[in-house]
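# Descriptive structure summary
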Amino acid sequence: MLSDRYGNRLTTTSDKARDAYVAAVDLLLSANADAEQAFRRAIAADPGLAVAHAGLARTLQIQARPQEAKAAIDRGLELADGLSARERGHLHTFGLLLDGKAAEALAAARRHLDDYPRDAMVLAPCTSVFGLIGFSGRAGREGELLALMDSLVTAYGEDDWWFSSMHAFAQVEYGQIEKALANIERSLTVNPRNAHGAHIRAHVYYERGERAAGLAYLRDWWSSYPKASQLHCHLAWHVALWELELGRAAEAWQVYHAHLKPGASWGPPINTLTDSVSFLFRAELAGEGRNDELWRELSAYTSAAFPTPGVSFADVHGALAHALAGNDAALAQLENGARGPAADMVRSLAQAFGALRRGDWAEASASLQPIIASHERIGGSRAQRDLIEYTLAVCLLRAGRGKEARAYLDGCRLAGQGHWPIAELRA
């Protein structure tokens, strides 16, 4: 039997299949292009390599190709008889994941990792702010993810570029910025073209308030990152926000129109939606005028890409798009139909955004204040959820409660970074 890069035995005798599988896993874990093609090469070399079917399924799922993803994991599960216990557990976990059974998939992954901690492909869906823990809807999920990653340091060591980068992201989100910096620098030294690594390095710059340095680093790194790659859209969002915060609005809008908006982004729909909505709204908070046509475009995209509520992070951004597009029917439908582990948060935020659209600042503030301490439950990073905190501050300012708004911001984690990206506070 041959093994993957993490020492996990593979049920194949084909060196060609093993090599293609190892390459595919690295491409997927680094968010680089061509992972799909590499998994298909592995399958072509050995159609019985069941974990390659699981890897292909995960790749297609990330690309929002659910029917193809389901067919791929079904084929992998058909091959489970006669495989090792590790490979069977691997396939079982991905079967749950591809069936949309997130809670069951997370429980299965945790059990599997107890026995096979270096099965990185099973660990990967648990990591990040969009993972099974990140989208669990639980309070305290940031600490939960960090505890998981801390527990696996011995298994992976300090030299694995992928684990170090994911560990760093968990540290960033828990506020351990200096530990995260050391981890991510080590990761990028080993694999400088790891897109997750560049992304997490951008978050470290963001949390440290290093706008100009962050923009210089990411623009240079991103310039040679293929547009068809998984994180291209989201890295463009980071670039656009820094351009905006540094007073380069024209450059920020150029990034939006070329790389973020629907039709320009090649990223997964959840990134296209949330990053576009976030940029448009943060541009308004920074003093840019509202473009009703762009909001209507995002409202329509929400309805097309996420017709059924259930992914809270997408639903919150969709609610903001519907509200600012004046699409009251879609907003009401999303609010009343909210479901999933953070459905209550979606309802409260939809109500707040509706009030914001009407200019009812007192009602918007009242809807936001009870949930502001627990908005981690919707998923996403702290940088992404700053949108919610800035919304509360602006609503308080416009309600004539400026002293309260400033006191609230002074207690936020980014206080002391020089300025807030809110026009009213720079007037």
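Presented here is an overview of the structure given in this document.

### Digging into the overall build of the chain
- A tally of regular secondary structure across the chain gives 23 helices and two strands.
- Counting only C-alpha atoms and orienting by the principal axes, one finds that the chain spans roughly 70 × 45 × 35 Å.
- The buried share among the 427 residues of the chain stands at 59%.
- Considering only contacts in the chain between residues 6 or more positions apart, those separated by 24 or more positions represent 62%.
- Taken as a whole, the chain presents about 16,200 Å² of accessible surface, with 50% of it coming from carbon and sulfur.
- Of the side-chain charges in the chain, 44 are positive and 50 negative, and the distance between the mean point of each set is 1 Å.

### Quick look at the nonpolar core
- Residues Phe279 and Trp295 are the most contacted members of the largest nonpolar core, which totals 85 residues.
- Of the residues forming this core, the biggest block, ten residues, is contributed by helix 22 (residues 382–398).
- Those residues in contact with Phe279 that lie beyond four places of it in its chain are Trp237, Ala240, Leu241, Leu244, Ala252, Trp253, Tyr256 and Leu260.
- Judged by nonpolar contacts, the second largest core, of 68 residues, contains Ala24, Ala54, Cys126 and Ala168.

### Comments concerning the pattern of salt bridges
- The full count for this structure, using the stated rule, is 30 salt bridges.
- Its salt-bridge partner being Arg358, residue Glu363 comes within 3.1 Å of it at the nearest N-O pair.
- Looking at Glu363, the relative accessible area reads 32%, which means it is partly exposed.
- Through salt bridges with shared partners, one network takes in Glu36, Arg40, Arg65 and Glu68.

### Focus on the packing of aromatic side chains
- If you walk through the whole model with that rule in mind, you get 13 aromatic pairs.
- A ring pair is formed by Tyr156 and Phe163, whose centres lie 4.6 Å apart and whose planes are at 5 degrees; its orientation type is stacked.
- According to the relative accessible area criterion, Phe163 is buried, its value standing at 1%.
- The interplanar angle of 75 degrees and the centroid separation of 6.0 Å between the aromatic rings of Tyr390 and Trp420 together place this pair among those described as edge-to-face. Of this pair, Tyr390 sits in helix 22 while Trp420 sits in the segment after helix 23 (402–410), placing them 30 residues apart in sequence. Taken as a pair, Tyr390 and Trp420 share a single burial class, namely buried.
- In this structure an aromatic cluster arises from ring pairing among Tyr6, Tyr156, Trp162 and Phe163.
- If you follow Arg118 out to its NZ or CZ, it ends over the ring of Tyr156, 5.5 Å from the centre.

Reading the values: rules and limits
- Residues numbered from 1 in each chain as written.
- Predicted model: local features only at pLDDT ≥ 70, side-chain atom pairs only at ≥ 80, totals over all residues.
- Heavy atoms only, no water.
- Helix = DSSP H or I, 4+ residues; strand = E, 2+ residues; numbered from the N terminus.
- Buried < 20%, exposed > 50% of the residue type's maximum accessible area, 1.4 Å probe, protein only.
- Contact = heavy atoms within 4.5 Å.
- Areas by Shrake-Rupley, 256 points an atom, 1.4 Å probe, with all protein chains shown as cover.
- Lys, Arg positive; Asp, Glu negative; His and termini not counted.
- Charge placed at Lys NZ, Arg CZ, Asp CG, Glu CD.
- Core = buried A, V, L, I, M, F, W, Y, C linked by side-chain atoms within 4.5 Å.
- Salt bridge = Lys/Arg side-chain N within 4 Å of Asp/Glu carboxyl O.
- Phe/Tyr/Trp six-rings, centres within 6.5 Å; stacked < 30°, edge-to-face > 60°.
- Lys NZ or Arg CZ within 6 Å of the ring centre and 35° of its normal.

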